[in-house]
Amino acid sequence: MTQAQASADRISAALARIAPSQTTAMTDRATAMRAEGRDIVSLSVGEPDFATPAHVVEAVKDALDQGATKYTPVGGTAAMKRAAALHFTRDLGIAATPADVTVSAGGKQAIFHALLATIDPGDEVLIPAPWWVSYPEIARFAGANVVPLPTTAADGFRISAEQLANAITPATRWLLLNSPGNPTGAVYTADDLRALADVLDRHARIMVMSDDIYAPLRYGDTPHATLAALRPDLADRILTVSGVSKSHAMTGFRIGVATGPGWLIRAMERLQSHSSGNPCSISQAGAVAAFEGPQDFLSDWRAIFRARRDRVVEAINAIPGLSTPVPDGAFYCFVDAAPLIGEGCEDDNALALHMLEHGVAVVAASAFGGAHCGIQGFRVSFAADDDSLTEALTRMERAVAAL
Ligand code: PLP
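Residues numbered from 1 in each chain as written. Predicted model: local features only at pLDDT ≥ 70, side-chain atom pairs only at ≥ 80, totals over all residues. Heavy atoms only, no water.

**Quick notes on the layout of surface pockets**
Stage number 1. Roughly 540 Å³ of internal volume is contained in the largest pocket.
Stage number 2. Taken together, 28 residues make up the lining of the largest pocket; nearest its centre are Gly46, Lys108, Trp132, Lys246 and Thr251.
Stage number 3. At the level of elements, helix 3 (22-35), helix 6 (106-118) and helix 7 (134-141) are the ones that each hand at least two residues to the lining of the largest pocket.
Stage number 4. Its residues assigned to classes, the lining of the largest pocket shows nine nonpolar, 13 polar and six charged.
Stage number 5. Shared between two domains, the lining of the largest pocket holds at least three residues of each, these being domain 1 (3-51 + 297-401) and domain 2 (70-292). (1 Å grid on protein atoms, 1.4 Å probe; cavity = no way out; pocket = protein on both sides within 12 Å on 5 of 7 lines; lining within 4 Å. Points joined across faces, edges and corners; volume = space filled by probe spheres on them. Helix = DSSP H or I, 4+ residues; strand = E, 2+ residues; numbered from the N terminus. Nonpolar A, V, L, I, M, F, W, Y, C, P; charged D, E, K, R; others polar. Domains from an automatic or database assignment.)

**A short note on unusual backbone geometry**
Stage number 1. Of note, the amide linkage connecting Ala129 to Pro130 takes the cis form, showing an omega dihedral of -5°.
Stage number 2. By the element assignment, Pro130 lies in the loop between strand 3 (124-129) and helix 7.
Stage number 3. Cis geometry marks the peptide bond from Ser179 to Pro180, where omega comes out at -10°.
Stage number 4. Tracing the backbone shows Pro180 in the loop between strand 5 (172-178) and helix 9 (190-200).
Stage number 5. Unlike most non-glycine residues, Arg254 shows phi in positive territory, near 60°.
Stage number 6. Relative to the elements of secondary structure, Arg254 occurs in the loop between strand 7 (238-243) and strand 8 (256-259).
Stage number 7. Overall, Arg254 belongs to the partly exposed group, its relative accessible area being 34%.
Stage number 8. Of note in the backbone geometry, Ala330 takes a positive phi value of approximately 60° without being a glycine.
Stage number 9. Tracing the chain through its elements places Ala330 in the loop between helix 13 (297-317) and strand 9 (332-336).
Stage number 10. Accessibility expressed as a relative area gives 0% for Ala330, which makes it buried. (Buried < 20%, exposed > 50% of the residue type's maximum accessible area, 1.4 Å probe, protein only.)

Just distances and angles here, no functional claims.
Written out as structure tokens, the structure reads:
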């Protein structure tokens, strides 16, 4: 290689700070192995196995027939913003108007743009761990220092007010909250959030991102609790992110919604105007139908997920060396496999690869910041049909026995 080639073949310092998504990597690996003829059951991906509701699909076909194939306003059509505001008000209890919302290519992009639009080098972002894989990477890409707030199964994988208070420094810019949470299924109660808000009252410069994308997928009886609804007086410092990907089985549509203070919504749209531009026109039509159409299927889906959860938790806890608490929301179990580490697998990445060799794809806990919490293990998604779950659990048991 010539010197000129060597110098051109270089990524930016910002990109060098971040790793590729390990959940995507594991899913891609499982897909590639399948393409080679290997029989792999994937419990690595975070998407419902249900079909997208028919009325959503119809709305997209209608939109195509009506020629909705051109640019739309950068932050979403008027109809889309109305539907998003309806969702925030009706489903999350946040009094949002269309002017307070923006729409992006998935919840992921909303988070990406919000952090990129507000972080300066050296700012600190507090992230409860275990965390969703993309949070620390996006924060680091934006130039922030990530401050993990470790949690454990014993505390329900929830941070305490005291922990938050102790982590805050003059450099703290954001606190990221995710309830129900990926990868643990942790659900914050209204009391938990009120206690955190009491701390935030004393630190007016800190923004909070509340990622509520799994809000409809809760298995307890208590209503969904979210900071902007509980403390409207703090709403000018809270960005609430939601979407249709998880709740309405629309991961491929790439629609996410966010509501927050006007300056931030405008800043996100300014950035979006130079990145992806508007969210996909026909996907917006689908998302309008998702938010405005019937929601009753959600209780059926919840019941199915709940039954799967109970089954998966019981089966995993019956495998020697594996243990998982019962997740209160989302569709993941965060499995502790500490007793198996050192028994033929040097770390949880090796364990996940060992599982893959036995035909089941899971994602190592280390991808979710498990190490910050002293957890070695893996995440299992139970958003898979019953037969796949049965087969995956059998293979998991076999894989553990083979160690
Ligand atoms: N937030 C959390 C906690 C997630 O788990 C995900 C997806 O895995 C997202 C946001 C992003 O969802 P979307 O597919 O809408 O970008």
